[in-house]
Amino acid sequence: LYGCLCFLLLDSHIICSQPFVTIMFAGSSCTYFTLCSCFIRTDQLDGETDWKLKVAVSCTQRLPALGDLFSISAYVYAQKPQLDIHSFEGTFTREDCDPPVHESLSIENTLWASTIVASGTVIGVVIYTGKETRSVMNTSNPKNKVGLLDLELNHLTKALFVALVALSVVMVTLQGFVGPWYRNLFRFLLLFSYIIPISLRVNLDMGKAAYGWMIMKDESIPGTVVRTSTIPEELGRLVYLLTDKTGTLTQNEMVFKRLHLGTVSYGADTMDEIQTHLRNPYSQVRPPGAQSSAPKVRKSVSIRVHEAVKAIALCHNVTPVYEPRAGVTGEAEYAEADQDFSDGNRTYQAASPDEVALVQWTESVGLTLVSRDLASMQLRTPGGQILTYCILQMFPFTSESKRMGVIVRDESTAEITFYMKGADVAMSSIVQYNDWLEEECGNMAREGLRTLVVAKRALTEEQYQDFESRYSQAKLSIHDRALKVAAVVESLEREMELLCLTGVEDQLQADVRPTLEMLRNAGIKIWMLTGDKLETATCIAKSSHLVSRTQDIHIFRPVTNRGEAHLELNAFRRKHDCALVISGDSLEVCLKYYEHELVELACQCPAVVCCRCSPTQKAHIVKLLQQHTGRRTCAIGDGGNDVSMIQAADCGIGIEGKEGRQASLAADFSITQFKHIGRLLMVHGRSSYKRSAALGQFVMHRGLIISTMQAVFSSVFYFASVPLYQGFLMVGYATLYTMFPVFSLVLDQDVKPEMAMLYPELYKDLTKGRSLSFKTFLVWVVISIYQGGILMYGALLLFESEFVHVVAISFTALILTELLMVALTVRTWHWLMAVAEVLSLGCYVASLAFLNEYFDVAFITTVTFVWKVSAITVVSCLPLYVLKYLKRKLSPPSYSKLTS
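The model shown is predicted, which means the values in this text are computed figures rather than measured ones.

Draft legend 1. Molecular detail of the overall build of the protein. Within the protein, the secondary structure is distributed over 31 helices and 30 strands. Counting all 900 residues of the protein, 53% fall into the buried class. Partitioning the intrachain contacts of the protein with sequence separation of at least 6 by distance along the chain shows that 73% fall at a separation of at least 24. As displayed, the protein offers around 39700 Å² of accessible surface, 58% of which is attributable to carbon and sulfur atoms.

Here it is as structure tokens:
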């Protein structure tokens, strides 16, 4: 498909076989733009739900007919495939002209794979396909995830295997290596093979399936789906949570909240006053010429409100979009008769949701943007009058300048005005001196509002013509073009009149703040990885309380080389207990030269925000945390750009949201709202880990105790390699007689769900891994040796005549001991646990009638049998019950203090 021309209609999904298109021709079917632009949606690529404006190659727009595209002689030069989704460099050359036409290509002339044509139609040439596309290059291969608990159990199983071999060698050694000793060695290996818990994996997998079913049936987190049944215990061991911003923490819905004019401030409840000021006749506004010649007097509030609102309505890159009338289909170009230009059919599209919110607000107060193309825009006043403005120059927002501007000419008065808006750090040095801007910006930022400073400067015709000539000359420069253009624009940015300060709120998802607070109290460190701008990410970090109000924020300055990275890291090292905000470009440089130092410093921060991150960078950060800290990580996101991060994390959680289901389908767990992660971790993560730890150790205990009895039996009878129990007894012990009570441990819980949610601090103990460790394993080994020795020696001491009595007494006492040990291990009883205990005991008693081959039926019905079994069972279990009681009294666990 390289070099093929593709025709893309409205809502066409640019798939991986036609992924990268340089726009040759673009038609806009439902906007006021001329036939050289279109909008695309990039939510599956960079996570941003706002539409992006794309512009066609200008020389192809001058062709007489659409079919002439196929007859021209031209070629496209493109840079080699790379990861960066925010840049592109290339050239378009038409050779059949005299002289040949050369035109530069940039990111605004391109459509990436995994994007959708949201408005208009496009004819483009395919440049990259398959593995060369940005979306594929930013996607990592999924890995098979293994839980930390499974790895710990594997280590313990290896230790048990070593114990099995050692015990067999000891037995052969005590035999004196008599006869074919190697044959005896293998016989002992088979006799003691119950040390290796073969049924452990079956029990754990069944338990994991049960945990997944419980999660999906939890009515408190409806819609949750468990897509990976192998790692539910990971939810209880997490230390780092890496979250996306847009659609995960926020709804990406902007709402205008505040307008500040210096002496007066308007909030949500006083917007009607602005409408009143705007209804005043426009004739009351002083013309700029009269104002400049008259002595400088203080403007009235009405005039200041009017100028501020007009500046907000003009200084943007927003396009009003009118959808075709219902039932109209066919060609891309619609006649005006087929369009519905009513207010109810109008929507706004822009590259930033902030700008849409501002324009929607000006519409709500009476000044409406009704049309726009590349050369002009029209506003409708509260009285219905249409004002037309000619767009002379546009200066788009960049992360370096942190501001955008526009020069417009009022068609009715021929006034030329330069409007500019931007971040307070960029605008404070541009506007005239004032004593309120810095303070009010701080106040709005503490409320979590995204602030923009709006200013203007009136230009004469001579000033503009002088600027235009210098600006055009700078744009034609071959060397240092960007610097020269910026210098010319900056010549206008002097002593601008400060009009107003706006505050826009990005609405958070439901209960984001209490959920983040809960996770922080649980000892989980939260990192926000977003593809959004630095200012936006910082505002959301504050408004969501990811960064508390008392914490400082260290914004890592942009670095491009090793020396700058070294200086900035040293500056950051001197800060204490402050959140870190770093851009993806700076992160890349630091990781190249100072990977260990940066990760070490970042891990000490209470919160970290990484902005302008590509999907690959997100996955790389997850892997860095895993390598440098050895802790368990969790990634949560809702868009296609979060898939790599979700797959790289130890536990991936996807949210079904506006950006589709890519993240949800690729994740291990899928939830419908961010707030559900609290219960998923605090309740289900805790329960899954605690239950699996108890279940795993109990299955090991079950094998160790019978192996101990076999070892004692062989030792007493001159180290003979003869089995103690044979046939069905061994099969029944591992299945029918003990399986149900042991498996019922998956219903156990140490803390009620309400308590786990109320005291998230309990989660900190889980990350230490104390429920399953070599210490707890050794405790269970000692218990197994003690109980196995008591059961076997007791049976040998109390039996009178026949050996078959030893088997009957010891095996019955063994079954009773296992059932009592389950009861000892249980912390909260469930009715199914009691049923499992009674059912297993009933099955054993009922089977005695059919075990004539192994038991003396006449003997097991006597009182002697009953009291001997009871005595041995009491001696094996009673001390453990006493020790458990004393431990709970003298050194109770933290959760028991709360429940009491």
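Structure shown, so let's carry the discussion forward.
Draft legend 2. Fine view of the sheet that holds strand β5 (residues 74–78). What the three strands build is an open sheet, ordered β5-β6-β7; its pairing is antiparallel. Single-partner strands in this sheet number two, and they are β5 and β7 (101–105). Across the sheet, the axes of successive neighbouring strands diverge by a mean angle of 15 degrees, strand direction being ignored.

Draft legend 3. Structural context of a negative patch on the surface. Where like charges cluster on the molecular surface, the negative patch consists of Asp-84, Glu-400, Asp-585 and Glu-588. As for its placement among the helices and strands, Glu-588 is situated in helix α17 (residues 584–603).

Draft legend 4. Expanded view of the packing of aromatic side chains. The full count for this structure, using the stated rule, is 18 aromatic pairs. Ring geometry for Trp-181 and Tyr-182: centres 6.1 Å apart, planes at 80 degrees, overall edge-to-face. Arranged with centres 5.1 Å apart and planes meeting at 85 degrees, the rings of Tyr-737 and Tyr-844 form a pair that is edge-to-face. Of the two residues, Tyr-737 sits in the loop between α22 (728–734) and α23 (739–743) while Tyr-844 sits in helix α28 (residues 831–847), which places them 107 residues apart along the sequence. Of the two residues, Tyr-737 and Tyr-844, neither departs from the other in class, the shared state being buried. Of the aromatic side chains, those joined through ring pairs into one cluster are Phe-395, Phe-418, Tyr-464, Phe-467 and Tyr-471.

Draft legend 5. Looking closely at the UniProt feature "binding site: Mg(2+)" (unreviewed entry) in the protein. In the numbering used here, UniProt assigns the "binding site: Mg(2+)" (unreviewed entry) feature to Asp-244, Thr-246, Asp-638 and Asp-642. Of the residues just listed, which span 399 residues, no C-alpha pair is farther apart than 10.7 Å, and they cluster in one region. Here Asp-244 is in contact with Leu-249, Leu-529, Thr-530, Lys-618, Ile-636, Gly-637, Asp-638, Asp-642 and Met-645, once residues within four sequence places are set aside. Among the polar contacts made by the side chain of Asp-244, one reaches the side chain of Lys-618 at a distance of 3.4 Å. Of note, Thr-246 is situated in the loop between β12 (238–243) and β13 (250–260). Its relative accessible area of 4% is what places Thr-246 among the buried residues.

Draft legend 6. Spatial organisation of the sheet that holds strand β4 (residues 51–55). Overall, antiparallel pairing links the three strands, which are arranged β4-β3-β9 in an open sheet. Every other strand in the sheet has two partners, leaving β4 and β9 (116–119) as the edge strands with one partner each. Sheet twist, expressed as the mean angle between neighbouring strand axes with direction ignored, is 45 degrees. As paired strands, strand β3 (residues 37–41) and β9 are joined by three bridges and run antiparallel to one another. Pairing of Arg-41 across the sheet is with Ile-116, part of β9.

Draft legend 7. The environment of Ala-823, seen in detail. Within the secondary structure, Ala-823 is located in helix α27 (residues 803–825). When the C-alpha atoms of Ala-823 and Leu-745 are compared, they prove to be 9.5 Å apart, with 78 residues separating the residues in sequence.

Draft legend 8. Inspection of the pattern of salt bridges at higher detail. Enumeration according to the criterion identifies 28 salt bridges in this entry. We note a salt bridge from Arg-403 to Glu-493, for which the minimum N-O separation is 2.9 Å. Here the residue Arg-403 occupies a position in strand β20 (residues 403–410), and Glu-493 occupies one in the loop between α13 (481–490) and β23 (497–508), the gap between them amounting to 90 residues. Asp-506 is the partner of Arg-450 in a salt bridge, and the nearest nitrogen-oxygen pair spans 3.4 Å. With Arg-450 in strand β22 (residues 450–459) and Asp-506 in strand β23, this residue pair connects regions lying 56 residues apart in the sequence. For Arg-450, a relative accessible area of 6% translates into the label buried. Taking relative accessible area as the criterion, Asp-506 reaches 2% and is therefore assigned buried. Through salt bridges that share partners, Asp-150, Arg-201, Asp-205, Lys-208 and Glu-233 make up one connected network.

Draft legend 9. Structural view of the packing of helix α12 (residues 461–475) against α13. Interaxial distance between α12 and α13 falls to 8 Å at its minimum, and their mutual angle equals 170 degrees. The angle between the axes of α12 and α13 places the two elements in the roughly antiparallel class. Only Arg-481, Lys-484, Val-485, Val-488 and Val-489 of α13 make contact with α12, whose side of the interface consists of Phe-467, Arg-470, Tyr-471, Ala-474 and Lys-475. Classifying every residue of the contact of α12 with α13 gives six nonpolar, no polar and four charged.

Draft legend 10. Structural view of the environment of Thr-828. Within the secondary structure, Thr-828 sits in the loop between α27 and α28. Separated by 77 residues in sequence, Thr-828 and Val-751 place their C-alpha atoms 8.4 Å apart. Excluding residues that lie within four positions of it along the chain, Thr-828 makes contacts with Asp-748, Gln-749 and Met-833. Only 2.5 Å separates the side chain of Thr-828 from the backbone oxygen of Gln-749, close enough to count as a polar contact.

Draft legend 11. Representation of the side chain of Thr-738. Looking at the secondary structure, you find Thr-738 in the loop between α22 and α23. Residue classification places Thr-738 among the buried positions, given a relative accessible area of 1%. Of the polar contacts made by the side chain of Thr-738, one reaches the side chain of Arg-702; its length is 3.1 Å. From its side chain, Thr-738 meets the backbone oxygen of Tyr-733 in a polar contact 2.4 Å long. Not counting residues within four places of it along the chain, the set of residues in contact with Thr-738 comprises Arg-702, Gly-732, Tyr-733, Ile-815 and Glu-818.

Draft legend 12. Summary view of a nonpolar patch on the surface. Taken together, Leu-820, Val-874, Leu-878, Tyr-881, Val-882, Leu-883, Tyr-885, Leu-886 and Leu-890 make up a surface patch of nonpolar side chains, about 870 Å² in accessible area. Counting residues per element, the nonpolar patch draws most heavily on helix α30 (residues 863–890), which supplies eight residues. The residue Leu-886 is located in helix α30 in this model. Residue class for Leu-886 comes out partly exposed when judged on its relative accessible area of 39%.

Draft legend 13. Just unusual backbone geometry, in detail. Of note, the phi angle at Asp-577 is positive, near 50 degrees, even though the residue is not glycine. Here Asp-577 shows up in the loop between α16 (562–573) and β26 (578–583). On the accessibility criterion, Asp-577 (56% relative accessible area) is exposed. Phi at Arg-612 is positive, roughly 55 degrees, even though this residue is not glycine. Along the chain, the position of Arg-612 falls in the loop between β27 (607–611) and α18 (615–629).

Draft legend 14. Quick peek at the packing of helix α26 (residues 774–798) against α30. Contact geometry of α26 with α30 gives a least axis separation of 10 Å together with a crossing angle of 160 degrees. As the angle between them shows, α26 and α30 are arranged roughly antiparallel. In this structure, α26 meets α30 at a crossing whose hand is right-handed. The segment α26 lies against α30, with Ile-783, Tyr-786, Gln-787, Ile-790, Leu-791, Gly-794, Ala-795 and Leu-798 engaging Trp-867, Lys-868, Ile-872, Val-875, Ser-876, Cys-877, Pro-879 and Leu-880. A per-class count over the contact of α26 with α30 returns twelve nonpolar, three polar and one charged.

Draft legend 15. Representation of the confidence of the model for the protein within the structure. Of all residues in the protein, 90% have pLDDT values of 70 or greater, and the mean over the chain is 84. Averaged pLDDT values for the elements of the protein fall to 42 in helix α7 (residues 288–293) and rise to 95 in β12. Taken as a whole, residues 16–21 scores under 50 in pLDDT and shows 34 contacts with residues more than four places along the chain or in a different chain. Predicted confidence for residues 327–338 stays below pLDDT 50, and this span has 13 contacts to residues more than four positions away or in other chains.

Draft legend 16. Spatial organisation of the nonpolar core. Grouped together as the largest cluster of nonpolar side chains are 79 residues, with contacts concentrated most on Ile-653, Phe-669, Ile-677, Leu-680 and Leu-681. It is helix α21 (residues 676–716) that provides the largest number of residues to this core, a total of twelve residues. Excluding residues that lie within four positions of it along the chain, Ile-653 makes contacts with Leu-235, Cys-634, Ala-635, Ile-636, Gly-637, Ile-646, Ala-667, Phe-669, Ile-671, Ile-677, Leu-680 and Leu-681. Counting 41 residues, the second-largest nonpolar core is a separate cluster that includes Ala-313, Leu-314, Val-406 and Leu-452.

Parameters at a glance
- Residues numbered from 1 in each chain as written.
- Predicted model: local features only at pLDDT ≥ 70, side-chain atom pairs only at ≥ 80, totals over all residues.
- Heavy atoms only, no water.
- Helix = DSSP H or I, 4+ residues; strand = E, 2+ residues; numbered from the N terminus.
- Buried < 20%, exposed > 50% of the residue type's maximum accessible area, 1.4 Å probe, protein only.
- Contact = heavy atoms within 4.5 Å.
- Areas by Shrake-Rupley, 256 points an atom, 1.4 Å probe, with all protein chains shown as cover.
- Pairing = 2+ DSSP bridges.
- Axes fitted to C-alpha atoms, helices over the stretch in contact; angles between N-to-C directions.
- Patch = residues over 30% accessible without salt bridge, like charges linked within 9 Å, V, L, I, M, F, W, Y side chains within 5 Å.
- Salt bridge = Lys/Arg side-chain N within 4 Å of Asp/Glu carboxyl O.
- Lys, Arg positive; Asp, Glu negative; His and termini not counted.
- Charge placed at Lys NZ, Arg CZ, Asp CG, Glu CD.
- Phe/Tyr/Trp six-rings, centres within 6.5 Å; stacked < 30°, edge-to-face > 60°.
- UniProt positions renumbered as here; feature names shortened; annotations may be inferred.
- Polar contact = N/O pair within 3.5 Å; in protein donor to acceptor, adjacent residues only side chain to side chain.
- Parallel < 35°, antiparallel > 145°, perpendicular 65-115°, else oblique.
- Nonpolar A, V, L, I, M, F, W, Y, C, P; charged D, E, K, R; others polar.
- Left-handed = near helix turned anticlockwise from the far one by under 90°.
- pLDDT = per-residue confidence, 0-100.
- Core = buried A, V, L, I, M, F, W, Y, C linked by side-chain atoms within 4.5 Å.

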